[in-house]
There are 2 protein chains.
Amino acid sequence: MLNEFDIFKDFLHQQKLRWTPQRKMILDVFLSFDGHVQIESLHEKMQAQDPSLGIATLYRTLKLLVDCGLVEAHSFQNGRKTYERTFHVRHHDHLICTRCETTIEFEHPLIEKYQLEICEQYGFSLKSHKMELLGICRNCRK
Amino acid sequence: MLNEFDIFKDFLHQQKLRWTPQRKMILDVFLSFDGHVQIESLHEKMQAQDPSLGIATLYRTLKLLVDCGLVEAHSFQNGRKTYERTFHVRHHDHLICTRCETTIEFEHPLIEKYQLEICEQYGFSLKSHKMELLGICRNCRK
DNA sequence: TTTTATAATGATAACGATTATCAATATAAA
DNA sequence: TTTATATTGATAATCGTTATCATTATAAAA
Ligand SMILES: [Mn+2]
Ligand SMILES: [Mn+2]
Ligand SMILES: [Zn+2]
Ligand SMILES: [Zn+2]
């Protein structure tokens, strides 16, 4: 049973790239978080474990993880990206509260189906999609 | 019958802001474009009409136009924003070709309906949404 | 029509997240 | 081992957008 580390290793090998202690540690740290993570949090935790690790390597590795399909990058609100694991995680879209920045995850099979229909209609080959519903969450409405 | 200029003027007045020749010209130039416009195009056309007009004012005015609801700002691909008029233009979402950056506009009433249902379910007050389908367009697939 | 309070302007410096650069080092295949 | 080349960390650069600030323009009030 393949886990994320094996998948990443295979990907690197296929691309003639190399498996390094830095990449291992970054994947390790990334997986220790749940949900949406920001570079800043990853960097802090990394620094705690090994202060010699540079932030450029963190950015580079995250990009590789996205390329190999283990991670999804979101550009929600404030210009900062967030990262989310996708391996053994169901696809979903997001409700985003513009007041407290909380996100709620949801999925709707019919919306996904209609998206495909629309693409067919225009001869479009769908690779991915982004759907964000922006508003005020239950808590913030009180 | 109100047009964009009247609406903008009213908005400014409500907010105790001022109607200036620069704001008039920027709205004028903006409306002379169809579809999605980038700052760069607006700036070029502005410079042609009046080279003394500064780019800071362009950014500031676009932001006001978004605030008053006449314009929608998109952050599609490369970090650059595009602007689109919304007055007397039906709401729609976008198919975006990641190869040639062409966009196709579409609307799907049921998708919109399900979005509302999801929000109700989570006690969420929906303000706006963003839905982008990314892939390869018919032309680029050939 | 002045006066007056304050909003707007243009030039340009600053911002800030991400990328590029580069010399030193590490990896892995031969 | 050797060797080709990928990777690293430090840091400079990028670039669209904002903030700053002194000067000027607007519009309501007098
Ligand atoms: Mn999520
Ligand atoms: Mn559009
Ligand atoms: Zn909230
Ligand atoms: Zn295309």
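The following paragraphs examine the structure supplied in this document.

Reading the values: rules and limits
Residues numbered from 1 in each chain as written. Chains lettered and ligands numbered in written order. Predicted model: local features only at pLDDT ≥ 70, side-chain atom pairs only at ≥ 80, totals over all residues. Heavy atoms only, no water. Axes fitted to C-alpha atoms, helices over the stretch in contact; angles between N-to-C directions. Helix = DSSP H or I, 4+ residues; strand = E, 2+ residues; numbered from the N terminus. Parallel < 35°, antiparallel > 145°, perpendicular 65-115°, else oblique. Contact = heavy atoms within 4.5 Å. Nonpolar A, V, L, I, M, F, W, Y, C, P; charged D, E, K, R; others polar. Donors = N, O, S within 2.8 Å, 3.2 Å for Na, K, Ca; no water. Least-squares fit on C-alpha atoms with pLDDT ≥ 70 in both. Near = heavy atom within 4 Å. Polar contact = N/O pair within 3.5 Å; in protein donor to acceptor, adjacent residues only side chain to side chain.

**Considering the packing of helix 1 (residues 4-14) of chain B against helix 4 (residues 55-67) of chain B**
Residue and element names in this part refer to chain B. It is the contact of helix 1 with helix 4, at a shortest axis distance of 10 Å, that shows an interaxial angle of 95°. Taken as axis vectors, helix 1 and helix 4 run roughly perpendicular relative to one another. Across the interface between the two elements, Phe8, Phe11 and Leu12 of helix 1 pack against Thr61, Leu64, Leu65 and Asp67 of helix 4. For the contact of helix 1 with helix 4, the class distribution of residues is 5 nonpolar, 1 polar and 1 charged.

**Comments concerning the coordination of the zinc ion (ligand 4)**
All names here are of chain B. Donor atoms from the polypeptide that coordinate the zinc ion (ligand 4) comprise Cys97 (SG), Cys100 (SG), Cys137 (SG) and Cys140 (SG), at 2.2 to 2.4 Å from the metal. Each donor residue of the zinc ion (ligand 4) lies on the same chain, and together they follow the pattern C-x2-C-x36-C-x2-C. A residue pair is termed long-range when its members are at least 10 positions apart, and Cys97 in strand 4 (residues 93-97) and Cys140 in helix 6 (residues 138-141) qualify at 43 residues.

**Some words on the relation of the copies chain B and chain A**
Taken as rigid bodies, chain B and chain A are interconverted by a rotation of 180° and an axial shift of 0.0 Å, the fit giving an RMSD of 0.1 Å. The transformation relating the two chain copies, once decomposed into turn and shift, fits a two-fold axis. Distance from the rotation axis, computed per C-alpha, reaches its smallest value in chain B at Met131 of chain B: 2.1 Å. The fraction of interface residues of chain B whose copies in chain A are also interface residues reaches 100%, indicating that both copies meet through the same surface.

**A word on the protein's contact with DNA strand D**
Near DNA strand D you find 23 residues, and of these Thr20, Arg23, Thr57 and Arg60 of chain A together with Arg18 of chain B are the closest. Each atom of DNA strand D within 4 Å of the protein was classed as base or backbone; sugar and phosphate made up 72%. At 2.3 Å from a phosphate oxygen of DNA strand D is found a side-chain nitrogen or oxygen belonging to Thr57 of chain A. Secondary-structure elements contributing two or more residues to the surface near DNA strand D are helix 2 (21-31) and helix 4 (55-67) of chain A together with helix 4 of chain B. Take the surface near DNA strand D: its biggest share by element is 4 residues, from helix 4 of chain B.

**Focus on the environment of Gln22 of chain B**
All names here are of chain B. Residue position: Gln22 is located in helix 2 (residues 21-31). Between the C-alpha atoms of Gln22 and Met46, which are 24 residues apart in sequence, the distance is 9.7 Å. Residues in contact with Gln22, not counting those within four places in the same chain, are Leu53 and Thr57.

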